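Each chain, written out:
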Amino acid sequence: MNFVRQNLFWIWVGFLGIVILVGLYATFLILTQGLVVTNLTDGSPWGLWIVLDLSCIGLSAGAFSLSAMTYLIGREQYQPLARIAVFIGILGYSGALMALALDIGRPDRFWHGWVYWNVHSMLWEVTMCITLYFSVLVLEVFPMVAELPFLAKYKWLHNLAHRVHRFAPVLAIIGLCLSLLHQSSLGGTYGVVIGRAFLFRATMPLLFIVSAVAAGMSFTIHMTLIVQWLGNRTLVPKAILLEVGQIAGLVLLVYLYMRFWDTTAGNYGYVPGKTEAFTDLSEGPFAVTFWAWEIVLGGVVAGFLLIRAYFRQNLTMLFIGCGLVLAGLVANRWHTTLLAFTQPLSENPPLTSPLVSEYTPAWTEWATTFAVLSILTLAFSLGMRYLPAFKGIEPHPLPPEVLPFPTSELKSPSSIG
Amino acid sequence: MSEFTRELDRREFLKLLLGLGVALAGGEWVRRNFVAHDDPAGEAAHSEVSPGGPYWAMVIDLQTCIGCERCAYACQATNDTASGHLWNIILRDEKTFDKPVYLPRPCMHCEHAPCVEVCPVNATYHREDGLVAMDYDRCIGCRYCMVACPYGVRVFNWEKNEDPNPQVPTWGVTEVTRRPRGVVEKCTFCAHRLDAAKERGLTPGYDPAATPACCVICPTEARRFGDLRDPNSPASRAIRGRQAIVLRSELGTNPRVFYLLPL
């Protein structure tokens, strides 16, 4: 038992490693045999990987929103949380890129988006923005990585990191612009699809970005609390967690308000494909998860808990609220993607299209999805354990020249994470 | 922490802006000089209706179509498509009219094609004559066009197709190469025949070698092809005096496939 307690972290790493290995085997099958080993079809060409992609990016929205608040609005007290958000962000975007690499039929042509431009395509815009924003995140995370003790002997790296960090406000501006573009245009990717009435809504970009901001901030708080509890240290002062949680709760309420009017005012009259989709969502096969996850728990209850936690100064309540928000976001992306392809393409004359399709992800899709999540979790665990930026709060932030820390100090405080 | 927010002075900020500007200008220069020229969608994208040239259209008579599916066989033979992923399928409708009708569904070659608008890499584009074509060497297989197509005409190469073509030689011979795994494909209106016709001086619609295989094989002449700007083309003559519809006209896609309502 003692062995388990002492090596809990490495047991955790080993578990993630097994999941990653299974996912790598599935990836091998996909790369050698093609996407035929998935359950995707001509009728439902997008599935679990797109949900993974949308969720990863949505939950990474904390990076740009907290950076903007820290460096542009001047709430510098949020900086410790913003650093965690940026670290989550780079992992989330890596996950999204991995999901896309799995999903496209010709991963060897991933670079075509940069060379052959179709400026009318939402997906082109998303491709450019995601890759550019990924570079911004790399620059934002670089100073944290350069603080690692074993890199301390490279003085030039240190100087470079310091220089890069001085551009934090500029990076925050670029990150804000890029994120405002692609977080919305991910919704736009669905919103412009004129042939599928359920998706063809001008509100999609707005709904996507507002929900992403709420869920991104909540996810950052959620992960911070997990690390704090498992690692038995304080990364972010309690007051700031509660304050940001309250902001996330308010943004979530704004989202619910927009969603309410989008659904009520947007559903007048009978629109083939759209009316059926909303019936499926509210009364049909998706009703339980829609009402429970998306609206009641992930929306109303979560918003209430986040705001209530601030007044009660209750971190447990905050933790639960944040968890519900991120579950709600994933449920929303899942419903949106799945519903789109289970509706018949209405035709005039109204023929029964053979392209209505049932879709449940194949094991290969689940295995690769969990592998991507495990890679991200592994990187997050290692980062939280070893990066000096997440060592815990000092009375005053250490100036860079005081570093490096002795390595032994970094390992001591935690049994896990 | 204020050191991070205050130390960037005006000079540095201007330098940064200048750097960004130079990078953007450089990127645009590279694009114009090296990318735009071999861009099949570039100029052609603006001439969806080919103002001066022919207006290719397919006219399908729901009155005479008997649902024999020979057009599907001929299409599979000619374009070497995979079984289960046909470019041309036949739908059956029992509710709309007094009698059951069969509705063959090729690519509509829309003037305002949603697939062309959404393709992130211009792999699907309007040819100069207005037909919607695919560049299989450019397609990355993201399948956004399949999400966007209002008619569900697009199919994906989920695996390498190594099966023998079941319709060859009974219903035709293969005229185009098989597409690689991982790209999207769809009906081309047998564009290879149209292009060859131009070189050989044949008239699409009349000459079988210059007409889409599905129209040539049709035993009841329910499918006719031709230039709608030529009043004597088979398509123009078939549509004259009949009630014609296009699918999902409310979307404003302006398909090039017209269906003649049953009499």
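Residues numbered from 1 in each chain as written. Chains lettered and ligands numbered in written order. Predicted model: local features only at pLDDT ≥ 70, side-chain atom pairs only at ≥ 80, totals over all residues. Heavy atoms only, no water.

### Considering the overall build of chain B
We apply this condition: To qualify as a helix, a DSSP run of H or I must reach at least 4 residues; to qualify as a strand, a run of E must reach at least 2; elements of each kind are numbered from the N terminus. The globule rule is 2.2 Å times the number of residues to the power 0.38, and the radius of gyration it is compared with is taken over C-alpha atoms. Only protein chains enter the accessibility calculation, which uses a 1.4 Å probe; a residue is then buried when its area is under 20% of its type maximum, exposed when over 50%, and partly exposed in between. Note on definitions: a residue-residue contact is assigned when non-hydrogen atoms from the two residues lie within 4.5 Å. Note on areas: Shrake-Rupley, 1.4 Å probe, and residue coverage restricted to the protein chains presented here. Only four residue types enter the charge count, namely Lys and Arg as positive and Asp and Glu as negative; His and the chain termini do not. Working definition for charges: the position is that of NZ of Lys, CZ of Arg, CG of Asp or CD of Glu.
Of the regular secondary structure elements, chain B holds eight helices and 10 strands. At 23 Å, chain B has a C-alpha radius of gyration far larger than the 18 Å of a compact globule built from 263 residues. Overall size of chain B, expressed as C-alpha extent along the three principal axes, is 80 × 45 × 40 Å. Expressed as a percentage of its 263 residues, the buried residues of chain B come to 52%. Across chain B, every contact between residues at least 6 apart in sequence was considered, and the portion connecting residues at least 24 apart equals 63%. Split by element, the accessible area of chain B, about 12100 Å² in all, is 54% carbon and sulfur. In chain B, the 31 positive side-chain charges and the 33 negative ones have mean positions that sit 2 Å from each other.

### A few points about the packing of helix α3 (residues 48-59) of chain A against helix α9 (residues 168-191) of chain A
When two helices pack together, you describe them by how their axes are tilted relative to each other and by the distance separating the axes. All names here are of chain A. This is how the line gets drawn: Here the axes come from fitting lines to C-alpha atoms, over the contacting stretch only for helices, and the angles between their N-to-C directions go from 0 to 180 degrees. Should an angle fall under 35 degrees it is taken as roughly parallel, and over 145 as roughly antiparallel, whereas 65 to 115 is taken as roughly perpendicular and any remaining angle as oblique. Crossings are assigned a handedness: left-handed for a near helix turned anticlockwise from the far helix by less than a right angle, right-handed for a clockwise turn. Put simply, Ala, Val, Leu, Ile, Met, Phe, Trp, Tyr, Cys and Pro go in the nonpolar bin, Asp, Glu, Lys and Arg in the charged bin, and everything else, Gly too, in the polar bin.
Relative orientation of the contacting elements α3 and α9 amounts to 155°, with a least axis distance of 10 Å. Looking at the two axes, α3 sits roughly antiparallel to α9. Of the two possible hands of crossing, α3 and α9 adopt the one that is left-handed. Counting all contacts with α3, which are made through Ile50, Asp53, Leu54, Ile57 and Gly58, the residues of α9 involved are His182, Gln183, Leu186 and Tyr190. Of the residues belonging to the contact of α3 with α9, the class tally is five nonpolar, three polar and one charged.

### Structural notes on the domain arrangement of chain B
Threshold: What counts as a domain boundary in this text is fixed by an automatic or database domain assignment.
Considered domain by domain, chain B is made up of domain 1 (2-35) and domain 2 (39-260). Here domain 1 of chain B and domain 2 of chain B have C-alpha centroids that lie 47 Å from each other.

### Section: the environment of A:Val325
Looking at the secondary structure, you find A:Val325 in helix α14 (residues 315-342). When residues no more than four places from it in sequence are discounted, the contact partners of A:Val325 are A:Ala214, A:Ala215, A:Ser218, A:Leu252, A:Gly298, A:Ala302 and A:Leu306.

### Structural notes on α9(A)
Heads up, the rule is: Given a helix with a known number of residues, its expected span is that number minus one, times 1.5 Å. Bend at a residue means the angle formed by two fitted axes: the first through the 7 residues ending at that position, the second through the 7 residues beginning there.
Across its 24 residues, α9(A) extends 33 Å between first and last C-alpha, which sits within 8% of the 34 Å expected from 1.5 Å per residue. Of all the bends in α9(A), the greatest measures close to 30° and is centred on A:Ser185.

### Description of the pattern of salt bridges
Applied cut-off: Every case where a carboxyl oxygen of Asp or Glu lies within 4 Å of a side-chain nitrogen of Lys or Arg is listed as a salt bridge.
On inspection of all chains with the given rule, the structure shows 14 salt bridges over all chains. Here A:Asp108 makes a salt bridge to A:Arg106, at a shortest N to O gap of 3.0 Å. For B:Arg193, the salt bridge goes to B:Glu175, with nearest N and O atoms at 2.7 Å. One end of the pair, B:Arg193, is in helix α6 (residues 191-200); the other, B:Glu175, is in the loop between β6 (155-156) and β7 (184-185), and 18 residues separate them in sequence.

### Side note on the interface of chain A and chain B
Here is the rule: By buried area we mean the combined loss of accessible area, with a 1.4 Å probe, across both parts when two parts are placed together. Polar contact is defined as a pair of N or O atoms within 3.5 Å, subject to the rule that within protein one atom must be able to donate a hydrogen and the other to accept it, and that residues adjacent in sequence are counted only when both atoms are side-chain atoms.
Of the residues lining the interface, 58 residues belong to chain A; the matching set on chain B comes to 62 residues. In total, about 5200 Å² of surface goes out of reach between chain A and chain B, with carbon and sulfur atoms giving 59% of it. Linking chain A with chain B are two salt bridges, by the criterion used here. A:Asp103 is the partner of B:Arg143 in a salt bridge, and the nearest nitrogen-oxygen pair spans 2.8 Å. Counting the contacts that link chain A with chain B gives 27 residue pairs in polar contact (both at pLDDT 80 or more). Of all the secondary-structure elements, those providing two or more residues to the side of chain A that touches chain B are α2 (8-33), α5 (79-103), α6 (112-115), α7 (122-146), α8 (155-166) and α9 of chain A. For the side of chain A that touches chain B, the residue count by class is 30 nonpolar, 20 polar and eight charged.

### Side note on the packing of α5(A) against α7(A)
Residues and elements named next belong to chain A. Taken N-terminus to C-terminus, the directions of α5 and α7 make an angle of 140°; their axes are 9 Å apart at the nearest point. As judged from the angle between their axes, α5 and α7 are oblique. As α5 runs across α7, the sense of the crossing is left-handed. Between α5, through Arg83, Val86, Phe87, Gly89, Ile90, Tyr93, Ser94 and Leu97, and α7, the contact on the second element is made entirely by Ile130, Tyr133, Phe134, Leu137, Val138, Glu140, Val141 and Met144.

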